[in-house]
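So the chains spell out like this:
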Amino acid sequence: MFKKLITLVFLLITVLAVAHPDQKKVEQALYNLKNVTFKQLESKDDSYLLYELRVRQQVDHTDPSKGYFYQKVHFYHKDFDHPMIMETNGYDLYVRASEMVNYLQSNYLNIEHRFFGESIPEGKPWQYLTMEQVTADLHEINQLFKEIYTNNKWISTGISKGGQTSIYYKYFYPNDVDVAIPYVAPFNQALEEPRIYPFLANVGDKSCRDKIYNIQVKLFENKTQILEKLKWYAKGAKLSFSYLGSLEKAFEYAVLEYSFGFWQSGHSCATFPNTKNIDELTEHFLSVSNIDFFSDQTIKRYESHYYQSGTQLGYYGYDITPFKKYVSFTSNPLATFMPEGTTYNNFNDALIQKVKTWLENDANNIIYVYGETDTWSASMVVPSAKVNSKAYILPKKDHGQARVKNMTPEMRTQFFSTLEKMTGLKPLK
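What comes next concerns the included structure.

Analysis parameters
Positions within a chain are numbered from 1, following the residues in the order the chain's sequence is written. Predicted model: local features are reported for residues with pLDDT of at least 70 only, side-chain atom pairs are reported and counted for 80 or more only, and whole-chain, interface and lining totals are derived from all residues. As a rule here, side-chain values cover all heavy atoms of the structure and leave hydrogens and water aside. Throughout, exposure labels follow a simple rule: accessible area from a 1.4 Å probe, protein chains only, divided by the maximum for the residue type, with under 20% read as buried, over 50% as exposed, and the rest as partly exposed. Secondary structure follows DSSP: runs of H or I at least 4 residues long count as helices, runs of E at least 2 residues long count as strands, and numbering of each begins at the N terminus. Note: two strands are recorded as paired if DSSP finds a minimum of 2 bridges between them. With the strands aimed away from the viewer, a crossover counts as right-handed if its path from the first strand over the helix to the second runs clockwise. Nonpolar cores are built from buried Ala, Val, Leu, Ile, Met, Phe, Trp, Tyr and Cys residues. Side-chain atoms within 4.5 Å join them into one set. Pairs of residues are marked as contacts when any of their non-hydrogen atoms sit within 4.5 Å. A 3.5 Å cut-off defines polar contacts: any pair of N or O atoms within that distance qualifies, except that in protein one atom must be a possible hydrogen donor and the other a possible acceptor, and neighbouring residues in sequence count only when both atoms are side-chain atoms. Any pair of Phe, Tyr and Trp rings, taking the six-membered ring for Trp, is counted once the centres come within 6.5 Å. Such a pair is stacked with planes under 30 degrees apart, edge-to-face with planes over 60 apart, and tilted for the rest. Whether a charge sits over a ring depends on NZ of Lys or CZ of Arg being within 6 Å of the ring centre and within 35 degrees of the ring normal. To define axes, lines are fitted to C-alpha atoms, for helices over the stretch in contact only, and angles between the resulting N-to-C directions are given on a 0 to 180 degree scale. The cut-offs work like this: below 35 degrees is roughly parallel, past 145 is roughly antiparallel, 65 to 115 is roughly perpendicular, and the gaps in between are oblique. Three categories are distinguished: nonpolar for Ala, Val, Leu, Ile, Met, Phe, Trp, Tyr, Cys and Pro, charged for Asp, Glu, Lys and Arg, and polar for the others, with Gly belonging to the last.

Comments concerning the pairing of strand β6 (residues 154–159)
- Across the 6 residues of β6, 5 count as buried, placing the element largely inside the fold.
- Of the strand pairs in this sheet, strand β4 (residues 84–88) and β6 are connected by 4 bridges, and their pairing is parallel. In the strand pairing of β6, I85 is matched with I155.
- The pairing of β6 with strand β7 (residues 179–183) spans 5 bridges and is classified as parallel. Note on β7: the bridge partner recorded for S156 is A180.
- Once you follow β6 into helix α5 (residues 161–172) and on to β7, the crossover reads as right-handed.

Okay, structure coming up:
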């Protein structure tokens with residue numbers, strides 16, 4: 001009995017010892033924030049407190065009468081004196097933290113994008129899914145937490161569409177953060193971004209590009225046999241294709257997507273399949289450009305993304321010139337699949353043109369990170385000599401590999417030197 005009591009006391013002392021010293025103060029501060037509710041989550045790192053927040057946001061930040069919704073945020077507290085990083089997610093909330101949190105030992109706000117995940121206004125009123133409203137959400141959160149972190153350095157960051165969001169956020173609210181760090185962020189300049197096509201025509205080496213083209217041709221030439229296999233694959237995966245009209249149409253899209261997906265995801269030029277073996281060819285095809293991307297289920301999942309692309313942000317299409325005899329398309333199809341009741345005929349590039357001018361002349365304190373072979377680098381931002389912003393392009397890296405941790409030591413030193421000049425911050429770990 002005595003041993004059990006000693007063990008219990010020891011465990012109690014251990015729990016108290018690892019309790020975060022700021023917990024009471026942090027929770028009192030959260031309690032005092034207007035329009036914020038919270039609950040504590042288990043943190044994998046005892047040096048951090050982790051909370052799930054629901055932030056009440058106006059559906060229309062210019063008209064409170066339009067109602068409100070709750071935006072989901074994960075909040076990590078490290079120390080009141082450490083910097084704050086805002087992750088401007090472009091989709092649902094990712095549970096993993098930005099690598100910059102580790103480098104700077106920062107506090108962290110991981111913010112779900114409006115109209116995604118659990119942060120969707122009732123009825124999905126599409127007219128309020130604009131970058132003006134998206135960035136106003138971020139500004140609201142920024143201003144709330146500056147009540148807690150009053151003298152800290154602030155950084156916004158995001159990956160891919162999240163990185164794109166961080167660029168627009170810096171445009172609308174240039175003083176909210178000291179620096180923005182967009183990763184692999186496209187800045188499209190048209191509904192059908194034209195720079196994609198010359199990029200795919202020149203990326204990598206010619207022998208690899210020739211093999212990619214050959215795979216696409218072989219897929220089209222063996223369409224009948226492959227479609228038979230895909231019918232069973234789709235049945236097993238419970239995929240439907242009502243939006244596009246047929247599995248055959250989804251197959252055409254997926255073959256055209258193959259080259260884009262190959263370079264974006266960093267597939268190896270050394271491991272192409274035997275094109276005479278239909279099973280091997282089909283398996284390889286699905287591993288690079290799966291038809292499920294063009295299924296009703298996936299299109300529905302990303303409908304908010306497609307709406308933004310098709311009305312305000314632009315996206316990409318597919319060059320059918322080399323494949324005209326194989327496809328049913330008469331012009332380049334777009335990779336934008338608009339939600340029911342909406343159309344990309346309403347696309348307006350007015351904001352793009354304003355931001356383009358700003359990027360050229362006034363977009364300071366932005367550090368871009370890109371991968372040389374990532375297809376989205378076709379629409380990268382190239383900082384002009386008029387601004388102090390910098391771009392770091394990682395050689396032979398794709399969409400998922402273009403990270404600070406994968407930079408050469410020399411490039412990483414340059415990256416952190418730039419960050420220090422802009423903020424005074426150095427990597428702490």
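Here's the deal with the nonpolar core
- Core analysis: the biggest nonpolar cluster contains 51 residues, and L230, F251 and F285 have the highest contact counts within it.
- Mapped by element, the contributors of at least two residues to this core are α6 (196–202), α7 (206–221), α8 (223–237), α9 (247–264) and α10 (278–288).
- Ignoring any residue separated from it by four or fewer positions in sequence, one finds F285 in contact with L219, L230, F251, A254, V255, Y258, N290 and I291.
- Among the nonpolar cores identified, the runner-up in size contains 27 residues, and L50, Y76, A402 and M407 belong to it.

A few points about the side chain of N89
- Within the fold, N89 resides in the loop between β4 and α3 (99–104).
- At 2.5 Å, the side chain of N89 and the side chain of N110 are in polar contact.
- From its side chain, N89 meets the backbone oxygen of I111 in a polar contact 3.3 Å long.
- For N89, the residues in contact, after removing those within four places along its chain, are Y94, N110, I111, H113, G162 and T165.

Details of the environment of Y253
- Turning to its location among the elements, Y253 is positioned in helix α9.
- Residue classification places Y253 among the buried positions, given a relative accessible area of 9%.
- Spatially, the C-alpha atoms of Y253 and L334 are 9.4 Å apart, while their sequence positions differ by 81 residues.
- Y253 has contacts with L244, F294, Y318, F329, P333, L334 and F337, leaving out every residue within four places of it along the chain.

Considerations on the packing of aromatic side chains
- Within this structure, the stated rule accounts for 43 aromatic pairs.
- Between F75 and Y149 the ring centres are 6.4 Å apart and the planes differ by 70 degrees, which places this aromatic pair in the edge-to-face class. In this pair, F75 sits in strand β3 (residues 68–77) while Y149 sits in the loop between α4 (131–145) and β6, placing the two residues 74 residues apart along the sequence.
- Cation over ring: K161 sits above Y91, and NZ or CZ is 5.4 Å from the ring centre.

Concerning the packing of α4 against α5
- Packing of α4 against α5 leaves a shortest axis separation of 9 Å and a crossing angle of 75 degrees. Considered as vectors, α4 and α5 are oriented roughly perpendicular to each other. Between α4 and α5, the residues in contact are M131, E132, V134, T135, L138, H139 and N142 and T165, Y168, Y169 and F172, respectively.
- Across the contact of α4 with α5, the residue classes break down as 6 nonpolar, 4 polar and 1 charged.

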